[in-house]
Amino acid sequence: AMAPGAQKLQALAICAVYMVVGPTLMIINKEIMDSKGQICFSYPFLLSSLGLFFTSFVTHAMHLGGMLSLPRAHVVTRTFWLRNILPVGACHAATLAFGNAQYLYMGKSRA
């Protein structure tokens, strides 16, 4: 168990990383999909899918490598997965895809 002070520092560090990574990803996604940019990749659904596939791949690799345990794997039946996990995953994917789609129409300002 971590000391309370160490837990607070860890939480602050995680928040700081989150606050840097989020806007950075927004800028990178905009650059990737910008029609005037060098890449001009105007497929927001595919761009969102790439991130989800990468996350899925890394998670499965960590599980197969023994770095990630699933203590409640027995709870996840086909019915449980279809009723609980699939709708949340589909909504999460749609949120990412539609969020990326707005970059096609959003201007960007530079200081």
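Refer to the structure printed above.
Residues numbered from 1 in each chain as written. Predicted model: local features only at pLDDT ≥ 70, side-chain atom pairs only at ≥ 80, totals over all residues. Heavy atoms only, no water.

K.L.:
Describe in detail the packing of aromatic side chains, supporting the description with residues and values.
P.N.:
Here the structure, examined in full by the defined rule, presents two aromatic pairs. Centre to centre, the rings of Phe41 and Tyr43 are 5.3 Å apart; their planes meet at 70°, and the pair counts as edge-to-face. (Phe/Tyr/Trp six-rings, centres within 6.5 Å; stacked < 30°, edge-to-face > 60°.)

K.L.:
I'd like a description of the layout of surface pockets, backed by residues and values.
P.N.:
In this structure, the largest pocket occupies an estimated 460 Å³ of space. What lines the largest pocket is a set of 14 residues, and nearest its centre among them are Leu25, Met26, Asn29, Leu96 and Asn100. Listed by contribution, the elements that provide at least two residues to the lining of the largest pocket are α1 (4-33), α2 (44-64) and α3 (78-101). The greatest single-element share of the lining of the largest pocket, amounting to six residues, is contributed by α1. (1 Å grid on protein atoms, 1.4 Å probe; cavity = no way out; pocket = protein on both sides within 12 Å on 5 of 7 lines; lining within 4 Å. Points joined across faces, edges and corners; volume = space filled by probe spheres on them. Helix = DSSP H or I, 4+ residues; strand = E, 2+ residues; numbered from the N terminus.)

K.L.:
An account of the packing of α2 against α3 is needed here, citing residue identities and associated values.
P.N.:
In a pair of packed helices, the angle between the axes and the distance between the axes together describe the arrangement. Between α2 and α3, the shortest axis-to-axis distance is 8 Å and the interhelical angle comes to 135°. Viewed along their axes, α2 and α3 adopt a mutual orientation that is oblique. The two elements α2 and α3 meet at a crossing, and its hand is right-handed. Across the interface between the two elements, Pro44, Phe45, Leu47, Ser48 and Leu52 from α2 touch His92, Ala93, Leu96, Ala97, Phe98, Asn100 and Ala101 from α3. Taken together, the residues that form the contact of α2 with α3 break down as nine nonpolar, three polar and no charged. (Axes fitted to C-alpha atoms, helices over the stretch in contact; angles between N-to-C directions. Parallel < 35°, antiparallel > 145°, perpendicular 65-115°, else oblique. Left-handed = near helix turned anticlockwise from the far one by under 90°. Contact = heavy atoms within 4.5 Å. Nonpolar A, V, L, I, M, F, W, Y, C, P; charged D, E, K, R; others polar.)

K.L.:
Describe a nonpolar patch on the surface, and please don't skip the residues or the numbers.
P.N.:
On the surface, a cluster of nonpolar side chains totalling about 550 Å² of accessible area is made up of Val75, Val76, Phe80, Trp81, Leu82, Ile85 and Leu86. Classification of Val76 as partly exposed rests on a relative accessible area of 40%. (Patch = residues over 30% accessible without salt bridge, like charges linked within 9 Å, V, L, I, M, F, W, Y side chains within 5 Å. Areas by Shrake-Rupley, 256 points an atom, 1.4 Å probe, with all protein chains shown as cover. Salt bridge = Lys/Arg side-chain N within 4 Å of Asp/Glu carboxyl O. Buried < 20%, exposed > 50% of the residue type's maximum accessible area, 1.4 Å probe, protein only.)

K.L.:
Any chance you could break down α2 for me, citing the residues and the numbers?
P.N.:
With 21 residues, α2 ought to run about 30 Å at 1.5 Å a step, and its terminal C-alpha atoms sit 30 Å apart, in line with that. Residues of α2 that are buried: Pro44, Leu47 and Ser48. Burial along α2 is one-sided: seen end-on, the buried residues are contained in an arc of 105°. Among the exposed residues of α2, those oriented more than 90 degrees off its buried face are Phe53, Phe57, His60 and Leu64. (Expected span 1.5 Å × (residues − 1). Arc of directions from axis to C-beta.)

K.L.:
Before we move on, could you go through unusual backbone geometry and cite the residues and values that matter?
P.N.:
Of note in the backbone geometry, Cys40 takes a positive phi value of approximately 50° without being a glycine. Tracing the sequence through the fold places Cys40 in the loop between α1 and α2. With a relative accessible area of 36%, Cys40 lands in the partly exposed category.

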